[in-house]
Amino acid sequence: MPWPDDDVPVLRNRPVRLGTDTAGLSRFGDDVWNIRPAHRDAHTGISSLNLLVFPKPLRRQFRTVLLAALDHPQPVEPTGLQRSAEYIGIGSMPGLLRDLQLFARWMHSRGFRHISNITDHDLDTYLSHVLGTTMSLGRKADVLGAVRTLWLFRDVLPIACRLNAQFPWPGRSANELVGLRSAGGENKRPRIHDATMEALLAWSLLMVEQIGPDVRDAWHEYTQLCRGEHPSQAIYSGTAGPRLHTYVDFCRRTGTPLPGTPGPEGPQINYGHVLRLIGLDDKSQFSPTQKRWLARQGLVVAERSSVGAVTGQIQGRPWRDAPLTVGELPGLWRRLNGALFTVVCYLSGMRPGEVLSLRRGCRGTDEATGQLVVHGHRGKGYDRAPDTPDRVEPARPWVVVDAVHDAIALLESLHDQPYLFPAQLRAGSFRPSATHARTCSAVNRDIADFAAWVNQSFRRADGSAPIPDDPAGKLNASRFRRTLARFIVRRPRGLIAAALQYGHVDTKVTLNYAGAPDTEWLQDVAVEKLELILEQISEDAQRLAAGEHVSGPSADEYRRRVTCAAEFPGRTVISPRSAARLLAGTDPQVHHGEGMTCVWRPETAACRASRLAQGLPEPAGPEESECRSSCTNLAFTDRDIAHRKQDLRDWEAAASDPLTPRPLRDRATAQAERITSLIRHHEQDRTEGAPA
């Protein structure tokens, strides 16, 4: 194979993102290769390939190896386990360079001049060298895997670059070579605690509904002032001097104070903001004489330089007493960014990277079902590549709820950048927002900054922080999907669960993923359901053994199912996928609701019959909102009866309240009588010797 010419583009066989300056792409002879244009995602920060890390005598050889890895699909290993025609991902190239440089330095230290000089014995020596280092086991496995990758490309490399030994260390995987046990696909990301997630989401929604529009309007006003496009600037013309005189006359006539900044002896004039107000750009400056003249005009100087207005409210009061200030805007934008990201990412079930890659105009409605959707691109898959003029990956729809659409609408009104979450709002040369989105690490900081700001600015009635700390550690967007799966399965009875109706989110999000190629979401839900069912079986069995009484038409079936499920010895779950299989054979279909228990049988379920009569889809399980007291699937435990006794006290109080309208009192009386009858039958069933 011939050696590449120095002017060969290193991304010649890789599609690059639309808008890339192809004339400026890195060449083979460059010491640093910018490979970022070949990555699909706008939010990722891909390191450039610095070829100078390789020893100079071996640099051209390893430079050629890396070009081959960019040019060609990775050949199939002799084991046959790897998929064919699979290119090494652009995001993996910096890691490959990092691992190959260790091999190159080891070769250089032992005097090797060509990769082709390496023998089987040398590879065994390198294996011993790597195993003897202090690197982590995972890092060692990666380093050994890089040598195998080098061997795989031998047929497309010049003779000097070919690793001509046998396939390195056959018969064992890289993990086995270093003694690393596979995690089996287990999701080790901890869920966010219920109290923390509910509060974070509640305040994020407040940002969407009340606070965010004020921040947006203030930012728009500030942007217009900076560009000289604000209507108030129409009265100014000429150079700085005439504009300044006009501004002073305006302030005197209207009683407007000069914008200020805090100072040790009181507020000082903010000359930079005065320049904005009179329509001059950031490159302009007042002369010392003009500054002295303005200071001697006897005008009041405000403590801050305000912008925008406060219109949003929290519990009937303005969310803050004073207007926003220019200095606060960058921080408020980041906090708003974190809140909007939380709403979109958490309530859609999308991966963080998939959310960060969303573009303006992604909202839509499914024509067939009327469901709200968001159009984006999948965030995983080895075959993902940037869109090009002759190849555009079809957008994938995510079914979402209203709150997600509202958050996206606010994002689209906040700026005019192509990505919903741009790298930065202001123009800049570092990661320009026209082609880059915010990174995952940056948005995680935004979320943490938002939570800290809420806790600093607001307090609960008891003086505690509105968003409690998460016991599992820092808030991280990668934990949202697993947390949402838990909330959907368990549906905590908190403020947010009631306001957002997690069952509604469950129906839309889960049914959407069921028809999509991404099955990890359903696996997460299966894990949460399996954990819930195992906990429930254990508690139900213990209570039955302790003498808990069960009444109702399905009492006997309840006892039978709980007893059989409790006797199941269980199996080891090593992955979310196996959790889904185990769930199918373990679930006793016993569902605890508010004051009742459903022993689910589709053929006798009153809720199923009601939905079918309305022309609605058949439910996969009980629909509590459609529950009927006459349903033969019902059973009542002592826990249910304790709940009903509390309901009875509430209904009796409503029935005896003279201020309650008569029709409502009659309804309360009827409800109290029904519950009294239910409790009486439960207690009679107990005394008549029903099985415990």
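A few points on the structure.

Section: the overall build of the protein
Point 1. In terms of helices and strands, the protein carries 22 helices and 15 strands.
Point 2. Looking at the protein as a whole, 47% of its 692 residues are labelled buried.
Point 3. In the protein, of all internal contacts separated by at least 6 residues, the share reaching a separation of at least 24 is 67%.
Point 4. Carbon and sulfur atoms form 51% of the exposed surface of the protein, whose accessible area is close to 34300 Å².

Re empty space enclosed by the protein
Point 1. One pass over the structure, following the stated rule, counts one cavity of 30 Å³ or more.
Point 2. Of the pockets and cavities examined, the largest cavity occupies roughly 90 Å³.
Point 3. Along its surface, the largest cavity is lined by 14 residues, and Cys598, Cys607, Pro622, Cys627 and Cys631 are the ones closest to its centre.
Point 4. A per-class count over the lining of the largest cavity returns 10 nonpolar, one polar and three charged.

So, the nonpolar core
One recurring pattern in soluble globular proteins: nonpolar side chains tend to sit buried together.
Point 1. With 65 residues, the main nonpolar core has Phe341, Trp453 and Phe480 as its most contacted residues.
Point 2. Sorting elements by how many residues they give to this core places helix α6 (residues 194-227) first, with 13 residues.
Point 3. The contacts of phenylalanine 480, once residues within four sequence positions are left out, are Ile192, Met197, Leu200, Phe341, Thr342, Cys345, Tyr346 and Ile447.
Point 4. With 56 residues, the next largest nonpolar core counts Ala38, Ala69, Ile118 and Tyr126 among its residues.

A few points about the sheet that holds strand β15 (residues 634-637)
Point 1. Here four strands make up an open sheet; going across it, the order is β12-β15-β14-β13 and the pairing antiparallel. A strand with exactly one partner marks an edge of an open sheet, and here the two such strands are β12 (550-551) and β13 (590-592).
Point 2. Judged from the two bridges that link them, β12 and β15 form a sheet pairing that is antiparallel. Bridge pairing in β15 links serine 551 to phenylalanine 636.

Quick word on helix α22 (residues 662-687)
Point 1. An ideal rise of 1.5 Å per residue puts 38 Å on 26 residues; α22 measures up with 37 Å between its terminal C-alpha atoms.
Point 2. Looking at α22, one finds that the buried residues are Ala668, Gln671, Ala672, Ile675, Leu678, Ile679 and His682.
Point 3. Of the surrounding secondary structure, the elements contacted by the buried residues of α22 are β12, β15 and α21 (638-655).

Some thoughts on the packing of α6 against helix α13 (residues 440-457)
Packed helices, taken two at a time, are described by their axes: the angle between them and the distance between them.
Point 1. Contact geometry for α6 and α13: axes closest at 11 Å, N-to-C directions at 85°. Between α6 and α13, the interaxial angle falls into the category roughly perpendicular. Of the residues in α13, those touching α6 at Leu200, Trp203, Ser204, Met207 and Ile211 are Ile447, Phe450, Trp453 and Val454.
Point 2. Residues belonging to the contact of α6 with α13 are distributed by class as follows: eight nonpolar, one polar and no charged.

Quick look at the environment of glycine 331
Point 1. Mapping glycine 331 onto the fold places it in helix α10 (residues 329-348).
Point 2. Look at glycine 331 and you get buried, because its relative accessible area is 8%.
Point 3. Considering only alpha carbons, one finds glycine 331 and aspartate 446, 115 residues apart in sequence, at a separation of 9.1 Å.

What about the pattern of salt bridges?
Point 1. Evaluated as defined, the whole model comprises 23 salt bridges.
Point 2. In this structure, the salt-bridge partner of arginine 363 is glutamate 412, at a minimum N-O distance of 2.9 Å. Here glutamate 412 lies in helix α12 (residues 402-414) and arginine 363 lies in strand β9 (residues 363-365), a separation of 49 residues in the sequence.
Point 3. Taking the relative accessible area as the measure of exposure, glutamate 412 reaches 15% and is therefore buried.
Point 4. Via salt bridges that share partners, Glu539, Asp540, Arg543, Glu548 and Arg639 belong to a single interconnected network.

Re the packing of aromatic side chains
Point 1. All chains considered together, the criterion is met by 14 aromatic pairs.
Point 2. On the numbers, 4.8 Å between centres and 70° between planes, the contact of phenylalanine 103 with tyrosine 126 is edge-to-face. You can see phenylalanine 103 sitting in helix α2 (residues 93-109) and its partner tyrosine 126 sitting in helix α3 (residues 120-131), a full 23 residues away along the chain.
Point 3. Phenylalanine 103 sits in the buried class, given a relative accessible area of 0%.
Point 4. Judged by relative accessible area, which is 1%, tyrosine 126 ranks as buried.

Describing the sheet that holds strand β10 (residues 372-376)
Point 1. In spatial order, the strands read β9-β10-β11; together these three strands make up an open sheet with antiparallel pairing. Each of the sheet's edge strands pairs with one partner strand only, and the pair in question is β9 and β11 (396-399). Taking the axes of each pair of neighbouring strands and ignoring which way they run, one obtains an average angle of 40° across the sheet.
Point 2. As defined by bridge partners, β10 adjoins β11 across four bridges and the pair is classed as antiparallel. Looking at the pairing, glycine 376 lines up with arginine 396 of β11.
Point 3. Sitting on the sheet, α12 is in contact with β9 and β10, with an inclination near 50° to β10.

Side note on the packing of α21 against α22
Point 1. Relative orientation of the contacting elements α21 and α22 amounts to 150°, with a least axis distance of 8 Å. Compared by their axis directions, α21 and α22 come out roughly antiparallel. As α21 runs across α22, the sense of the crossing is left-handed.

Details of the pairing of β15
Point 1. Burial along β15 is two-sided: the face carrying Leu634 and Phe636 and the face carrying Ala635 and Thr637 are both buried.
Point 2. The pairing of strand β14 (residues 597-599) with β15 spans two bridges and is antiparallel. Each bridged residue has a counterpart across the sheet, and for threonine 597 the counterpart in β15 is alanine 635.

Comments concerning unusual backbone geometry
Point 1. Within the chain, tryptophan 169 stands out as a residue other than glycine whose phi angle is a positive 50°.
Point 2. Following the sequence through the fold, tryptophan 169 ends up in the loop between α4 (137-152) and α5 (174-178).
Point 3. Using a relative accessible area of 7% as the deciding quantity, one classes tryptophan 169 as buried.
Point 4. For glutamine 315, which is not glycine, the phi dihedral falls at a positive 55°.
Point 5. Within the fold, glutamine 315 resides in the loop between β6 (313-314) and β7 (317-318).
Point 6. Classification of glutamine 315 by relative accessible area gives exposed; the value is 81%.

Rules and cut-offs
- Residues numbered from 1 in each chain as written.
- Predicted model: local features only at pLDDT ≥ 70, side-chain atom pairs only at ≥ 80, totals over all residues.
- Heavy atoms only, no water.
- Helix = DSSP H or I, 4+ residues; strand = E, 2+ residues; numbered from the N terminus.
- Buried < 20%, exposed > 50% of the residue type's maximum accessible area, 1.4 Å probe, protein only.
- Contact = heavy atoms within 4.5 Å.
- Areas by Shrake-Rupley, 256 points an atom, 1.4 Å probe, with all protein chains shown as cover.
- 1 Å grid on protein atoms, 1.4 Å probe; cavity = no way out; pocket = protein on both sides within 12 Å on 5 of 7 lines; lining within 4 Å.
- Points joined across faces, edges and corners; volume = space filled by probe spheres on them.
- Nonpolar A, V, L, I, M, F, W, Y, C, P; charged D, E, K, R; others polar.
- Core = buried A, V, L, I, M, F, W, Y, C linked by side-chain atoms within 4.5 Å.
- Pairing = 2+ DSSP bridges.
- Expected span 1.5 Å × (residues − 1).
- Axes fitted to C-alpha atoms, helices over the stretch in contact; angles between N-to-C directions.
- Parallel < 35°, antiparallel > 145°, perpendicular 65-115°, else oblique.
- Salt bridge = Lys/Arg side-chain N within 4 Å of Asp/Glu carboxyl O.
- Phe/Tyr/Trp six-rings, centres within 6.5 Å; stacked < 30°, edge-to-face > 60°.
- Left-handed = near helix turned anticlockwise from the far one by under 90°.

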